[in-house]
Amino acid sequence: MTTRRTVQIRRIYDDPTPRDGTRVLVDRLWPRGVSKTRAQLDEWCKQIAPSTELRTWYGHDPELFDEFARRYRDELTEPDRAAALTHLRELAGQNKLTLLTGTKNTDISEAAVLADLVAQSNRSLEK
């Protein structure tokens, strides 16, 4: 049996909508200028965020995204992050899941990597 997972990515600065389902912030740092009330989060899963070292190295440079994604998937095999990824998969199996990030370009963010992994039907982190 295959579980269909519906995962979307949005910026935390966008207004929440009823179509968001479960809203989870996946950034390590709280986004500037957003109150917890306005964010309307169900969870803040900061333990799944990339390491400070990886995030700093990447700097959201589009040319580095593929290597960032590879390194981030490697980090997601660490026990705390792997458990958080399993939790996101469980949430996605129960309801639509919206991964939130403060990043300007969500297509090259950690949320994009996570959305792909959560949406996969198998549990392997290898691509």
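Residues numbered from 1 in each chain as written. Predicted model: local features only at pLDDT ≥ 70, side-chain atom pairs only at ≥ 80, totals over all residues. Heavy atoms only, no water.

### Some words on the overall build of the protein
When helices and strands are tallied, the protein shows five helices and four strands. For the protein, the α and β elements follow one another from N to C terminus as β-β-α-β-α-α-α-β-α. Relative to a compact globule of 127 residues, whose C-alpha radius of gyration would be 14 Å, the protein shows 14 Å and is just as compact. With respect to the three principal axes, the spread of C-alpha positions in the protein is 40 × 35 × 25 Å. (Helix = DSSP H or I, 4+ residues; strand = E, 2+ residues; numbered from the N terminus. Rg over C-alpha atoms; globule rule 2.2 N^0.38 Å.)

### Points about the layout of surface pockets
Considering only enclosed or pocket space, the largest pocket measures out at about 370 Å³ in volume. Along the wall of the largest pocket there are 18 residues; nearest its centre are Asp27, Leu29, Arg55, His60 and Thr103. Broken down by class, the residue content of the lining of the largest pocket amounts to eight nonpolar, five polar and five charged. (1 Å grid on protein atoms, 1.4 Å probe; cavity = no way out; pocket = protein on both sides within 12 Å on 5 of 7 lines; lining within 4 Å. Points joined across faces, edges and corners; volume = space filled by probe spheres on them. Nonpolar A, V, L, I, M, F, W, Y, C, P; charged D, E, K, R; others polar.)

### Some thoughts on the packing of helix 3 (residues 65–75) against helix 5 (residues 110–119)
Two numbers describe how helix 3 lies on helix 5: the axes approach to 10 Å, and their chain directions differ by 60°. Considering their axes alone, helix 3 and helix 5 lie oblique with respect to each other. For helix 3 against helix 5, the interelement crossing comes out right-handed. Contacts between helix 3 and helix 5 involve Phe65, Phe68, Ala69, Tyr72 and Arg73 from the former and Glu110, Val113, Leu114 and Leu117 from the latter. Taken together, the residues of the contact of helix 3 with helix 5 sort by class into seven nonpolar, no polar and two charged. (Axes fitted to C-alpha atoms, helices over the stretch in contact; angles between N-to-C directions. Parallel < 35°, antiparallel > 145°, perpendicular 65-115°, else oblique. Left-handed = near helix turned anticlockwise from the far one by under 90°. Contact = heavy atoms within 4.5 Å.)

### Looking at the environment of Gly102
Tracing the sequence through the fold places Gly102 in the loop between strand 4 (97–101) and helix 5. Through-space distance from the C-alpha of Gly102 to that of Pro31 is 5.7 Å; in sequence the pair is 71 residues apart. With near-sequence residues (within four places) excluded, Gly102 lies in contact with Arg11, Ile12, Tyr13 and Asp27.

### Overview of the nonpolar core
Counting 25 residues, the largest nonpolar core has Val26, Ile48, Tyr72, Leu88, Leu97, Leu99 and Leu114 as its most contacted members. The set of elements that each furnish at least two residues to this core consists of helix 2 (52–58), helix 3, helix 4 (79–94), strand 4 and helix 5. With six residues, helix 5 is the single largest residue contributor to this core. Setting aside chain neighbours within four positions, we find Tyr72 in contact with Ile48, Ala49, Pro50, Leu54, Glu110, Val113 and Leu114. Listed in part, the five residues of the second largest apolar core include Ile12, Leu25, Val34 and Leu100. (Core = buried A, V, L, I, M, F, W, Y, C linked by side-chain atoms within 4.5 Å. Buried < 20%, exposed > 50% of the residue type's maximum accessible area, 1.4 Å probe, protein only.)

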